[in-house]
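So the chains spell out like this:
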Amino acid sequence: QVQLVESGGGLVQAGGSLELSCAASGSIFTINVMGWYRQAPGKQRELVAYIRTGSSANYANSVKGRFTISRDNAKNTVYLQMNNLKPEDTAVYYCNGEIGYYKGSSYRKEFADYWGQGTQVTVSS
């Protein structure tokens, strides 16, 4: 069983910065990919950034040059440093992980997608 716990959301003025973090805990043997998604009112959920085990990262065009995703594999934690925030960045941000875990008492290795609870990021004009 795996749990993702997010922190770092809040209210910030345009041009400001926030850092989100998401820590995975449980019977984990690997996390192939961790990423951040966001969903603004009236819009579809979109991928913001994701990072693989070897720290190869990808970003949505809308956040390139402003956001940086990183991970600490030892802590099973992913971060999203958000700089030069814009009102358009306002959304609920969700952490996601493709996580390998030990299932049940047999310790069978399985993979599943896990999601954090979501954290609100609001950028004022």
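Residues numbered from 1 in each chain as written. Predicted model: local features only at pLDDT ≥ 70, side-chain atom pairs only at ≥ 80, totals over all residues. Heavy atoms only, no water.

Asks: Would you mind going over the nonpolar core with me for this structure?
Replies: Across soluble globular proteins, nonpolar side chains have a tendency to be buried as a group. Grouped together as the largest cluster of nonpolar side chains are 31 residues, with contacts concentrated most on Trp36, Leu80, Met82 and Tyr93. Where this core is concerned, the elements lending two or more residues are β1 (2–7), β3 (18–26), β4 (28–39), β5 (46–52), β7 (67–72), β8 (77–82), β9 (91–103) and β11 (119–124). Counting residues per element, this core draws most heavily on β9, at five residues. Residues contacting Met82, with those up to four places away along its chain left out, are Gly16, Ser17, Leu18, Leu20, Arg66, Phe67, Tyr93 and Val121. (Core = buried A, V, L, I, M, F, W, Y, C linked by side-chain atoms within 4.5 Å. Buried < 20%, exposed > 50% of the residue type's maximum accessible area, 1.4 Å probe, protein only. Helix = DSSP H or I, 4+ residues; strand = E, 2+ residues; numbered from the N terminus. Contact = heavy atoms within 4.5 Å.)

Asks: So what exactly am I meant to see when it comes to unusual backbone geometry here?
Replies: For residues that are not glycine, phi is negative in most cases, and the peptide bond is trans in most cases. One non-glycine residue, Asn76, adopts positive backbone phi at about 50°. On the secondary structure map, Asn76 appears in the loop between β7 and β8. What makes Asn76 partly exposed here is its relative accessible area of 22%. Its identity is not glycine, yet Tyr107 carries a phi of approximately 60°, on the positive side. Within the secondary structure, Tyr107 is located in the loop between β9 and β10 (108–115). We classify Tyr107 as exposed; its relative accessible area is 58%.

Asks: Sorry if this is basic, but what is going on with the packing of aromatic side chains here?
Replies: When we look at a pair of aromatic rings, we describe it by the centre distance and by the angle of the planes. Applying the stated criterion across every chain, the model contains six aromatic pairs. Aromatic side chains Tyr94 and Trp115 sit 6.5 Å apart centroid to centroid with 80° between the ring planes, which places their arrangement in the edge-to-face category. Residue Tyr94 is found in strand β9, and its partner Trp115 is found in strand β10; the two are separated by 21 residues along the sequence. The buried category is assigned to Tyr94, whose relative accessible area is 16%. Aromatic rings pair up to connect Phe29, Tyr102, Tyr107 and Phe111 into one cluster. Above the plane of the ring of Tyr94 lies Arg45, whose end atom (NZ or CZ) is 3.8 Å from the centre. Above the plane of the ring of Phe29 lies Lys109, whose end atom (NZ or CZ) is 5.0 Å from the centre. (Phe/Tyr/Trp six-rings, centres within 6.5 Å; stacked < 30°, edge-to-face > 60°. Lys NZ or Arg CZ within 6 Å of the ring centre and 35° of its normal.)

Asks: Which parts of the structure should I look at to understand the sheet that holds β3?
Replies: Strand pairing within a sheet occurs via backbone hydrogen bonds; the two strands may be parallel or antiparallel. The strand order across the open sheet built from four strands is β1-β3-β8-β7, with neighbouring strands paired in antiparallel fashion. Looking at strand neighbours, the two that pair on one side only are β1 and β7, the edges of this open sheet. Averaged over all adjacent pairs, the angle separating strand axes in this sheet is 15°, with direction ignored. Pairing of β3 with β8 involves six bridges; the strand directions are antiparallel. The residue of β8 that forms the bridge with Leu20 is Leu80. (Pairing = 2+ DSSP bridges. Axes fitted to C-alpha atoms, helices over the stretch in contact; angles between N-to-C directions.)

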